[in-house]
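# Tertiary structure, described
Residue strings, one per chain:
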Amino acid sequence: MDPQPSPAREWRVPRALPVVKALGALALAALGLALAAGDPVRPVLAGSIAAALLAWALRDLVAPVRLAVDPEGLTVIRGYAGRRRLPWAAVEAIRLDRRSRRGVTAETLEIDAGESLHLFGRRDLDAPLDEVAATLTAARAAAR
């Protein structure tokens, strides 16, 4: 009996995240203006940081899908909003890295593609990373 090919699946940033970042940028700009007290440095600094936060929010709107899988391989985000296709032959390892420090546990999904390493956190994929790793591993095994 032939195994069924695994369906395509994608993971994206949470839909509310760009809104939260944009609201944070607006609040930061307003705070910079409110605390300026005649000092031009404070609003310029707050405005610069707010602009960077808005650029980060814009990335989430322009390229919300961070990782996609289909029977032929993976598509990962590259750079600000680019994409990179990784055929299964290029994927050397899929690992879930857990590190604890000072009572806080951080998880990172690592996709090793030889010359490149792609790292994803929980807020990149809006899904439990162990489930994503299991899905990717199963799709990779089904493609072999």
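In short, a report on the structure. Position numbers for residues start from 1 in each chain and track the written sequence from start to end. Owing to the predicted nature of the model, reporting of local features is limited to residues with pLDDT of at least 70; listing and counting of side-chain atom pairs is limited to 80 or more, with chain, interface and lining totals taken over all residues. By convention in this description, side-chain values take in all heavy atoms of the structure and omit both hydrogens and water.

A few words now on the packing of aromatic side chains. Two rings from Phe, Tyr or Trp (for Trp, the six-membered ring) form a pair when their centres sit within 6.5 Å of each other. Planes less than 30 degrees apart are called stacked, planes more than 60 degrees apart edge-to-face, and all others tilted. Applying the stated rule across the entire model yields 0 aromatic pairs. A ring has a charge above it when a Lys NZ or an Arg CZ is no more than 6 Å from the ring centre and no more than 35 degrees off the ring normal. The ring centre of Trp56 lies 3.6 Å from the NZ or CZ of Lys21, which sits over that ring.

We define a nonpolar core as any set of buried Ala, Val, Leu, Ile, Met, Phe, Trp, Tyr and Cys residues linked to one another through side-chain atoms lying within 4.5 Å. Note on classification: 1.4 Å probe, protein chains only; a residue is buried when its accessible area is under 20% of the maximum for its type, exposed when over 50%, partly exposed between these limits. Among the nonpolar cores identified, the biggest contains 22 residues, and Leu67, Leu74, Leu109 and Leu136 are the most heavily contacted of them. Within the residue set of this core, elements represented by two or more residues are strand E2 (65-70), strand E3 (73-78), strand E6 (104-112) and helix H4 (129-143). Numbering of helices and strands starts at the N terminus; helices are DSSP runs of H or I of at least 4 residues and strands are runs of E of at least 2. Ranked by residue count, the leading element in this core is H4, at 5 residues. Here Leu67 is in contact with Arg9, Glu10, Trp11, Leu74, Thr75, Val76, Leu109, Ile111, Phe120, Leu125, Val132 and Leu136, once residues within four sequence places are set aside. Note on definitions: a residue-residue contact is assigned when non-hydrogen atoms from the two residues lie within 4.5 Å.

This next bit is on the pattern of salt bridges. Note on definitions: salt bridges are taken to be side-chain nitrogens of Lys or Arg within 4 Å of carboxyl oxygens of Asp or Glu. Inspection of the entire model under this criterion finds 11 salt bridges. Residues Lys21 and Asp60 are paired through a salt bridge, measuring 2.5 Å at the closest nitrogen-oxygen approach. Here Asp60 lies in helix H2 (residues 41-62) and Lys21 lies in helix H1 (residues 17-34), a separation of 39 residues in the sequence. Like Lys21, the residue Asp60 is buried in the burial classification. What emerges from the salt-bridge pattern is a single network uniting Lys21, Asp60 and Arg66.

Let's shift gears to H4. Given a helix with a known number of residues, its expected span is that number minus one, times 1.5 Å. For H4, built from 15 residues, the straight-helix expectation of 21 Å at 1.5 Å per residue is met to within 8% by its first-to-last C-alpha distance of 21 Å. For H4, the set of buried residues is Leu129, Val132, Ala133, Leu136, Ala139 and Arg140. One side of H4 carries all its buried residues, which in axial view fall inside an arc of 130 degrees. In H4, the exposed positions angled more than 90 degrees off the buried face are occupied by Glu131 and Ala141. Of all possible arcs, the one meant is that of the directions from the helix axis to the C-beta atoms.

Between any two strands, pairing holds if DSSP finds at least two bridges. Ordered by their spatial adjacency, 4 strands build an open sheet running E1-E2-E3-E4, and the pairing between neighbours is antiparallel. The open sheet has two free edges, formed respectively by strand E1 (9-12) and strand E4 (82-87), since each of these has just one partner strand. Averaged over neighbouring strand pairs, the angle between their axes works out to 15 degrees when direction is ignored. Here E2 pairs with E3 via 4 bridges, running antiparallel. From the neighbouring strand, Leu67 faces E3, where its bridge partner is Val76. Lines fitted to C-alpha atoms define the axes here, with helix axes fitted over just the stretch in contact, and angles between the N-to-C directions of these axes take values from 0 to 180 degrees.

Further remarks concern the pairing of E6. Here strand E5 (residues 93-101) pairs with E6 via 9 bridges, running antiparallel. In the sheet register, Leu96 faces E6, and the bridge partner there is Leu109. Where E5 folds back onto E6 in an antiparallel hairpin, the turn is made up of 2 residues, including Arg102, whose phi is positive at roughly 55 degrees. Here 4 bridges tie E6 to strand E7 (residues 117-120), and the two strands are oriented antiparallel to one another. By the bridge assignment for E7, Asp112 is matched with Leu117. Between E6 and E7, which pair antiparallel and follow one another directly, the connecting turn spans 4 residues, one of which, Gly114, has a positive phi of 80 degrees.

Turning our attention to a nonpolar patch on the surface. A patch is a set of surface residues, each over 30% in relative accessible area and not in a salt bridge, joined within 9 Å for like charges and within 5 Å for the nonpolar side chains Val, Leu, Ile, Met, Phe, Trp and Tyr. All accessible-area figures derive from a Shrake-Rupley calculation using a 1.4 Å probe, and residue coverage is judged against the displayed protein chains alone. Among the surface-exposed residues, Leu58, Leu61, Val62 and Tyr80 lie close enough to one another that they form a single nonpolar patch of about 400 Å² accessible area. Here Tyr80 lies in the loop between E3 and E4.

Read these as spatial facts, not as claims about activity.
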